[in-house]
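Geometric and topological summary
What follows is the residue order along each chain.
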Amino acid sequence: MTRALLVSLVSCLLALHQARVIQRCDMAKLLYKEDLHGFEGYSLNDWLCLAFVESKFNTSKINENADGSFDYGVFQINSHYWCNDYLSHSENLCQMDCTELLNPDLLSTANCAKKIVSGESGLNNWINWKLHCSGRPLSYWMTGCSLA
Ligand SMILES: *[C@@H]1O[C@H](CO)[C@@H](O)[C@H](O)[C@H]1NC(C)=O
């Protein structure tokens, strides 16, 4: 009995953990649903490339920076400027808790990303975008994906 409980608990945790990495086409659908396609002139291909190079689609990714701030979620949004994690000073420009950026529904993530990309440097706000996505052929990111 105890063992069966343990096994189901572990597999439940594993399932939860796996659910935190979103499949490419599911990511496309979620970003489309949150109206990122065409936002500020960037296509879903652009957003998919960004999400992949930042997090490999891992919604629970957290990374600590040298300055003591942290980056959260699929777009690795920074706590110094955009969200508050109560660990260090934050401008909190997106006016949200950083933990909201780990939600697999991507609602807060998309809202904050819209705010960031609306600045004058657009997706160039993300250094990894500049290095790995900008100016490259990106159409294969949507290969085999349907948005319906
Ligand atoms: C996702 O990110 C979390 C937190 O950074 C990490 O512990 C986990 O191993 C990552 N998952 C995968 C599949 O890379």
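As a reminder, the structure under discussion sits directly above these lines.
Residues numbered from 1 in each chain as written. Predicted model: local features only at pLDDT ≥ 70, side-chain atom pairs only at ≥ 80, totals over all residues. Heavy atoms only, no water.

**Concerning the side chain of Asp85**
Considering the arrangement of structural elements, one finds Asp85 in the loop between β3 (77-78) and α4 (107-117). Within the structure, Asp85 has its side chain in polar contact with the side chain of Tyr72 (distance 2.6 Å). Contact partners of Asp85, with chain neighbours within four places excluded, come to Phe70, Tyr72, Ser79 and Cys98. (Helix = DSSP H or I, 4+ residues; strand = E, 2+ residues; numbered from the N terminus. Polar contact = N/O pair within 3.5 Å; in protein donor to acceptor, adjacent residues only side chain to side chain. Contact = heavy atoms within 4.5 Å.)

**Section: α4**
Residues three or four positions apart in an α-helix share a direction because the helix packs 3.6 residues into each turn. The element α4 is largely enclosed, with a buried count of 8 among its 11 residues. Taken residue by residue, α4 has Ser108, Thr109, Ala110, Cys112, Ala113, Lys114, Ile116 and Val117 as its buried positions. Next to the buried residues of α4 lie α3 (44-55) and β3. (Buried < 20%, exposed > 50% of the residue type's maximum accessible area, 1.4 Å probe, protein only.)

**Topic: the nonpolar core**
Counting residues in each nonpolar core, the largest one holds 40 residues, and the members touching the most others are Met27, Leu31, Trp47, Phe75 and Trp126. Top element by residues in this core is α3. It accounts for 6 residues. For Trp47, the contacting residues outside a window of four places in its chain are Leu31, Leu36, Phe39, Tyr42, Phe75, Ala113, Val117 and Leu123. (Core = buried A, V, L, I, M, F, W, Y, C linked by side-chain atoms within 4.5 Å.)

**What to know about the packing of helix α2 (residues 24-33) against α3**
The contact between α2 and α3 brings their axes to 10 Å, and the two run at 120°. In terms of orientation, α2 lies oblique with respect to α3. At the point where α2 passes α3, the crossing takes the right-handed sense. Within the contact between the two elements, α2 uses Arg24, Met27, Ala28, Leu31 and Tyr32 and α3 uses Leu44, Trp47, Leu48 and Ala51. Class assignment of the residues belonging to the contact of α2 with α3 gives a composition of 8 nonpolar, no polar and 1 charged. (Axes fitted to C-alpha atoms, helices over the stretch in contact; angles between N-to-C directions. Parallel < 35°, antiparallel > 145°, perpendicular 65-115°, else oblique. Left-handed = near helix turned anticlockwise from the far one by under 90°. Nonpolar A, V, L, I, M, F, W, Y, C, P; charged D, E, K, R; others polar.)

**Brief notes about the pattern of salt bridges**
Side chains that carry opposite charge are capable of pairing whenever their charged atoms lie near each other. Throughout the structure, instances matching the rule amount to 1 salt bridge. Measuring nitrogen to oxygen at the nearest pair gives 3.9 Å for the salt bridge that ties Lys33 to Glu34. What makes Lys33 exposed here is its relative accessible area of 59%. (Salt bridge = Lys/Arg side-chain N within 4 Å of Asp/Glu carboxyl O.)

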